Structure formats: structure tokens, C-alpha cells
Amino acid sequence: MDYLPIFYRITDKPCLMVGGGEVAARKVELLLKAGGNVLVVAPNIGSRIAELEEQGRLQVERRKFESTDIAGKTCIISATDDEAVNREVSQLAQAAEIPVNVVDDPELCSFITPAMVDRSPIQIAISSGGASPVMTRMLRSRLESSVPGAFGELARLADSFRGEVKQALPDVEARRLFWEQVLEGQVAELVFSGRHDEALSLLHQELAEFASSPLRGEVYLVGAGPGDPDLLTFKALRLMQKADVVLYDRLVSEPILDMVRRDAEKIYAGKASRNHSIPQ
């Protein structure tokens, strides 16, 4: 990994945008959407930033960038057509250990802004590390069409129900299994079809039934095929993402193991001639 994928909270935090053109305006709108307090520094600004200034959504100072502009900032973005200015902003910000992004110049960035699918509070970020922005946009388009818009509403329903679930199911593992059952079942389908009250009623019912029944494990045999993860079935991938314990042999490739749930226990059970890792 070239970058650590994280989500950075900037709500009510001071953010600096150096540049006032069309590209800068797109980044400014992203900062505002995330709740940042934005200062724009640029000799000239475009119509969109002027409109946002008129609405009182940000502050603009029509002048050249100065080194003191970075003081106290939580996040800095530079989007000017002056390479020297962009480099200066990057160097000053990184020396002060302030996250900085220089648009279309990954070498000057300590963070990059990914392509995003927004189903707030669910957010999906896609990045190529600057290698292929076109590819990230293609992936975003595919995800936009495959992730229902109501995913955000489903997440908000789950959030509002977390306290009740925690009280009914003190065990962390039981709660995980319950939510997997709910979020892949009829409750989710009701939310996606706009039947929120029915979904809430069914959620209460499923929690009561789950809390009163003993937990039982299941075992699945998943064929890994010739080792190409693209050839896994959807069901195989879903089960690999749910499994608590995964036993695998020497024929299972690393790319396939990488698709197992990260916190699952992985047990190597491979055998070769005169080399048995565990008894039969």
C-alpha cells in the first residue's frame, strides 16, 4: 500500500485552499460538505467560489499565498497553476506536519482525495494512488450503480438500534452475527423499498428471536478453483467475508486469502509429501 486509507474528521476545523479557479472550487465544495471552515487565498477567484463567499459559506482573501497562512490549519489543499507556489505550500505544510494535497501532483501530497461513493453515513473511497484517475472514476461508476441509495438509510436505522442490540446481546460475537443476519436479510429489503416502519418492526422481532435462541456455528467448504480470485463465486466471497475461522491448504493462493475477513483466524492445514502441517 502506498497510502494508509483513513477517513479524516474536519468538522468545524480550519482548512486552507490555495487557489480560486474551477478545480479549487470542486475541492472547496468537498471540504464544505465534510464540515470544514474554509479559507480561500488567491489573487483571483472564479464564479463558483465567489458564489459560496456571497452565501457566507467560506472566507476569501484576494491576495498571494503567504507562509503564515498555514498556521493553525487542520488541512491544506493547493490548486494553483503556479508550480512554485504549489511546491512552497507542500513543503511548508509537511514541515509543519499538516496534511496537504496538491491537485494532480501526488509527489507533493501527504494525502490524496479519492473518488467517492457517498451514501452517508456509508462512504466508499477508491484510489489508485494517482496512478490512474480514469480507472478510479470507472470503478466509482460501477459502484454507484450497484450500491442502492437507501444504504445510508439502512445504516442510520442500524445506528439508532445499536444501544438496544448491545443491551440484548452483551457478547460482541453475537452482535456481529446478528447484524450480518439483519443487513443481508428481509429488514434490508424493506428499507430499500421504502417501508421503514415495517423494517423497524421486523428488526425488533428478529432481535427478540435471536436473543432467545442459542448460537450455532456452521461449516462451509469453499472451492478456491485454480487460484484466480476473479473466478470465485459471489457466494464463496460472501462466506469468506463472514467466516470466523478459515482452514486452507497449500493450493490456496495469497490473493484469495487476502479476500478473507481481516480479523478471521487463519489456520494452515496444507500437506505435501513427508510434510504434514497437522495430523489428518
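Here is what the cut-offs are and how they apply
- Residues numbered from 1 in each chain as written.
- Predicted model: local features only at pLDDT ≥ 70, side-chain atom pairs only at ≥ 80, totals over all residues.
- Heavy atoms only, no water.
- Helix = DSSP H or I, 4+ residues; strand = E, 2+ residues; numbered from the N terminus.
- Buried < 20%, exposed > 50% of the residue type's maximum accessible area, 1.4 Å probe, protein only.
- Contact = heavy atoms within 4.5 Å.
- Areas by Shrake-Rupley, 256 points an atom, 1.4 Å probe, with all protein chains shown as cover.
- Lys, Arg positive; Asp, Glu negative; His and termini not counted.
- Charge placed at Lys NZ, Arg CZ, Asp CG, Glu CD.
- Polar contact = N/O pair within 3.5 Å; in protein donor to acceptor, adjacent residues only side chain to side chain.
- 1 Å grid on protein atoms, 1.4 Å probe; cavity = no way out; pocket = protein on both sides within 12 Å on 5 of 7 lines; lining within 4 Å.
- Points joined across faces, edges and corners; volume = space filled by probe spheres on them.
- Nonpolar A, V, L, I, M, F, W, Y, C, P; charged D, E, K, R; others polar.
- Patch = residues over 30% accessible without salt bridge, like charges linked within 9 Å, V, L, I, M, F, W, Y side chains within 5 Å.
- Salt bridge = Lys/Arg side-chain N within 4 Å of Asp/Glu carboxyl O.
- Expected span 1.5 Å × (residues − 1).
- Bend = angle between axes of the 7 residues up to and from the residue.
- Pairing = 2+ DSSP bridges.
- Axes fitted to C-alpha atoms, helices over the stretch in contact; angles between N-to-C directions.
- Core = buried A, V, L, I, M, F, W, Y, C linked by side-chain atoms within 4.5 Å.
- Left-handed = near helix turned anticlockwise from the far one by under 90°.

Asker: What should I look at first to understand the overall build of the protein chain in this one?
Answerer: A tally of regular secondary structure across the protein chain gives 10 helices and 11 strands. On the principal axes, the C-alpha backbone points of the protein chain span a range of 75 × 55 × 30 Å. Counting across all 280 residues of the protein chain, residues that qualify as buried make up 32%. When contacts within the protein chain are restricted to residue pairs at least 6 apart in sequence, long-range pairs at least 24 apart make up 45% of them. For the protein chain, the computed accessible surface area is about 17900 Å², with 51% contributed by carbon and sulfur atoms. One way to put it: in the protein chain the 32 positive side-chain charges average out to a point 3 Å from where the 41 negative ones average out.

Asker: Help me understand the environment of Glu180, please; the structure alone is not making it clear to me.
Answerer: Here Glu180 is to be found in helix α6 (residues 172–183). On the accessibility criterion, Glu180 (16% relative accessible area) is buried. C-alpha of Glu180 to C-alpha of Ala125: the two residues are 55 residues apart in sequence and 22 Å apart in space.

Asker: Before we go on, may I ask you to explain the side chain of Arg176 in this structure?
Answerer: Looking at the element boundaries, Arg176 is found in helix α6. In terms of polar contacts, Arg176 uses its side chain to reach the backbone carbonyl oxygen of Lys242, at 3.4 Å. Once residues within four sequence positions are removed from consideration, Arg176 is found in contact with Lys242, Asp244 and Arg261.

Asker: Would you mind showing me how to read the layout of surface pockets here?
Answerer: Rolled over the atoms, a probe with the dimensions of a water molecule shows which regions are left empty. Estimates place the volume of the second largest pocket at around 1300 Å³. Around the second largest pocket, the lining is made up of 37 residues, and of these Glu218, Val219, Tyr220, Leu239 and Ala243 lie nearest the centre. Of the residues that constitute the lining of the second largest pocket, the class distribution is 22 nonpolar, five polar and 10 charged.

Asker: Would you take a moment to explain a nonpolar patch on the surface for this structure?
Answerer: A surface patch of nonpolar side chains, amounting to about 430 Å² of accessible area, comprises Met1, Leu4 and Ile6. Inspection of the secondary structure puts Met1 in the segment before β1 (14–18).

Asker: How do you make sense of helix α5 (residues 151–168) when you look at a structure like this?
Answerer: One turn of an α-helix holds 3.6 residues; hence residues three or four places apart share an orientation. With 18 residues, α5 extends 25 Å between its outermost C-alpha atoms, agreeing within 8% with the 26 Å of an ideal straight helix rising 1.5 Å per residue. Taken as a whole, α5 carries its principal kink of about 45° at Arg162. If you check which residues of α5 are buried, you get Gly152, Leu154, Ala155, Leu157, Ala158, Phe161 and Val165. Packed against the buried residues of α5 are β6 (115–119), β7 (122–126), α6, α7 (186–192) and α8 (196–212).

Asker: How do you make sense of the sheet that holds strand β3 (residues 59–61) when you look at a structure like this?
Answerer: Through backbone hydrogen bonds, the strands of a sheet pair up, either in parallel or in antiparallel fashion. The five strands lie next to each other as β3-β2-β1-β4-β5, forming an open sheet whose pairing is parallel. Strands with a single pairing partner mark the edges of an open sheet, and in this sheet they are β3 and β5 (100–102). The average angle at which neighbouring strand axes cross in this sheet is 15°, direction not considered. Relative to β5, strand β4 (residues 75–78) runs parallel, the two being bridged by three bridges. Considered in β5, the bridge of Ile77 is made with Asn101. Against the sheet, helix α3 (residues 83–95) makes contact with β1, β4 and β5, and its axis sits at roughly 165° relative to β5, the strand it touches most.

Asker: How do you make sense of the environment of Lys13 when you look at a structure like this?
Answerer: Structurally, Lys13 can be placed in the segment before β1. For the pair Lys13 and Met1, spaced 12 residues apart in sequence, the C-alpha to C-alpha distance is 28 Å. Beyond its immediate sequence surroundings of up to four residues, Lys13 is in contact with Gly35, Gly36, Asn37 and Thr74.

Asker: Hey, could you run me through the nonpolar core in this one?
Answerer: The nonpolar side chains of a soluble globular protein tend to be buried, and buried together. Of all hydrophobic cores here, the largest spans 19 residues; its most connected members are Val165, Leu169, Phe178, Trp179, Val187 and Leu203. Once residues within four sequence positions are removed from consideration, Leu203 is found in contact with Leu157, Phe161, Phe178, Trp179, Val182 and Val187. Counting 18 residues, the second largest nonpolar core, distinct from the first, contains Met17, Val38, Val60 and Cys75.

Asker: Even after reading the chapter, I still don't get the packing of helix α1 (residues 22–33) against helix α2 (residues 47–54), so can you show me in this structure?
Answerer: Each pair of packed helices can be described by the angle between their axes along with the distance between the axes. Viewed as axis vectors pointing N to C, α1 and α2 meet at an angle of 35°, and their least axial separation amounts to 8 Å. Crossing of α1 over α2 shows left-handed handedness. Here α1 contributes Ala24, Ala25, Val28, Glu29 and Leu32 to the contact with α2, which in turn contributes Arg48, Ile49 and Leu52. When grouped by side-chain class, the residues that make up the contact of α1 with α2 number six nonpolar, no polar and two charged.

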